[in-house]
Amino acid sequence: VMSLLAVGTVGIVISTLGARWVFAICCIPIFIGAIPVASNMMGDTRVKDRNSCCHTDTTILRKQGWDYTYLAVLMTVLGLGLANSGVFYNNIKFNMVLAIMCGLVTILGFYRYTPLMIAKVNAFTLIQTLFSMSIEGATFYFFTDGPEQYPDGPHFSDWFYTTAIGLVAAGTAILGIVLFNLYLGNMKYRTIFLWSTLVYSSLSLLNIIVYLRWNVAWGVPDKLFVLGSAALQTVIKEFNYMPAVMIMSRLCPKGLEATMFALLASASNLGSNISNYSGAFLLDVMGVRPNGSKNEGHQFENL
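Reading guide: rules and limits
- Residue positions are counted from 1 within each chain, in the order its sequence is given.
- For this predicted model, a pLDDT threshold of at least 70 governs which residues receive local features, and a threshold of 80 or more governs which side-chain atom pairs are given and counted, while totals over whole chains, interfaces and linings are taken from all residues.
- The side-chain numbers reported here are obtained from all heavy atoms of the structure, hydrogens and water having been left aside.
- Only runs of H or I of at least four residues qualify as helices and only runs of E of at least two qualify as strands under DSSP, and these elements are numbered from the N terminus.
- The rule is simple: take the accessible area with a 1.4 Å probe, protein chains only, and divide by the maximum for that residue type; under 20% is buried, over 50% is exposed, in between is partly exposed.
- We call two residues in contact when some of their heavy atoms are within 4.5 Å.
- The protein chains shown are the only cover counted for residues, whose accessible areas, like all others here, come from Shrake-Rupley with a 1.4 Å probe.
- What pLDDT reports is the predictor's confidence in each residue, on a scale of 0 through 100.
- Every helix has an expected span of 1.5 Å times one less than the residues it contains.
- Working note: the arc is built from the helix axis to C-beta atom directions.

Caption draft 1: Layout of the overall build of the chain. If you tally the helices and strands in the chain, you get 12 helices and 0 strands. Of the regular secondary structure in the chain, the N- to C-terminal order runs α-α-α-α-α-α-α-α-α-α-α-α. Based on the C-alpha atoms only, the size of the chain along its principal axes is roughly 75 × 50 × 40 Å. For the chain, buried positions account for 34% of its 303 residues. Taking the contacts inside the chain whose residues are at least 6 apart along the sequence as the reference set, 74% of them involve residues at least 24 apart. Surface summary for the chain: the accessible area is close to 18800 Å², and the carbon and sulfur share equals 67%.

Have a look at this one:
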């Protein structure tokens, strides 16, 4: 629900206040969340006698939890290093190499600190995600450039590109989960991984149609094509992600359910970050470097 609320309002904020205000507004609920803790609204009282304090069984943590803690610290350090490199070091090739190295170290960490089957699932998720190169840095300008920047472009508004497409993606993600539980719950995971990957790759290739403006020649509106493409890709993406969640739910040690889900989500997010760096490098090599300047239509020739 909160995700839908965020997607539904981000376009309005960007259109009226600018992109920087989105980050400023996001800081407000983070700060508000710290108020109940700082003011002790839960009414916790300090325990003077340690012997009277409740006892927490740390057997599970002692047996297998510390390895996951070490892995979490490793992924945190790598993630922060990768983020700082992207912000402060403007070298696309170096950042891509660093991102790949972080991915390799993380995969080794999976095999070092987690059981073999769990390591395989997380490594597969990371590798599969990182190979889906993101060219969002160029497509944003392709879709949102105005007539002065790109006369032949779709000319989407900031609201449509962020909110409308985001709401469709969020809604179809829920639909994808429902359809998976209804029709794919008893199918072999390997089969789902195989055909969903092939279908998702094929649907991604269909974006070439809008980049080459063929849909305009066929009389298909840009907004209809993009919304339909986003909806189909999101549903298939959920089909591809759900088997990994199901596998982890069956493999996770007792008492570490939340940790296992966080680990899987971290692997997917890290893979997405690596795909952003590799996609940026590919765009740079292909000479696709739009920045919103006037008459930059030639920048999209190799998109």
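Caption draft 2: Summary view of the side chain of Thr-234. Inspection of the secondary structure assignment puts Thr-234 in helix 11 (residues 222-251). With a relative accessible area of 14%, Thr-234 lands in the buried category. When residues no more than four places from it in sequence are discounted, the contact partners of Thr-234 are Ala-169, Thr-172 and Ala-173.

Caption draft 3: Expanded view of the confidence of the model for the chain. For the chain, the average pLDDT comes to 86, and 93% of its residues sit at 70 or higher. The weakest mean pLDDT in the chain belongs to helix 1 (residues 2-16) at 77; the strongest belongs to helix 4 (residues 92-113) at 93.

Caption draft 4: Here's a closer look at the environment of Lys-93. Within the secondary structure layout, Lys-93 lies in helix 4. Residues Lys-93 and Asp-284, 191 residues apart in the sequence, show an inter-C-alpha distance of 9.1 Å.

Caption draft 5: Structural detail: helix 8 (residues 189-205). The terminal C-alpha atoms of helix 8, which comprises 17 residues, lie 24 Å apart, in line with the 24 Å expected from a rise of 1.5 Å per residue. For helix 8, the full list of buried residues reads Ile-192, Phe-193, Ser-196 and Leu-203. One side of helix 8 carries all its buried residues, which in axial view fall inside an arc of 110 degrees. Pointing more than 90 degrees away from the buried face of helix 8 are the exposed residues Arg-190, Leu-194, Leu-198 and Leu-205. Close packing links the buried residues of helix 8 with helix 5 (116-130), helix 7 (158-184), helix 9 (207-211) and helix 11.

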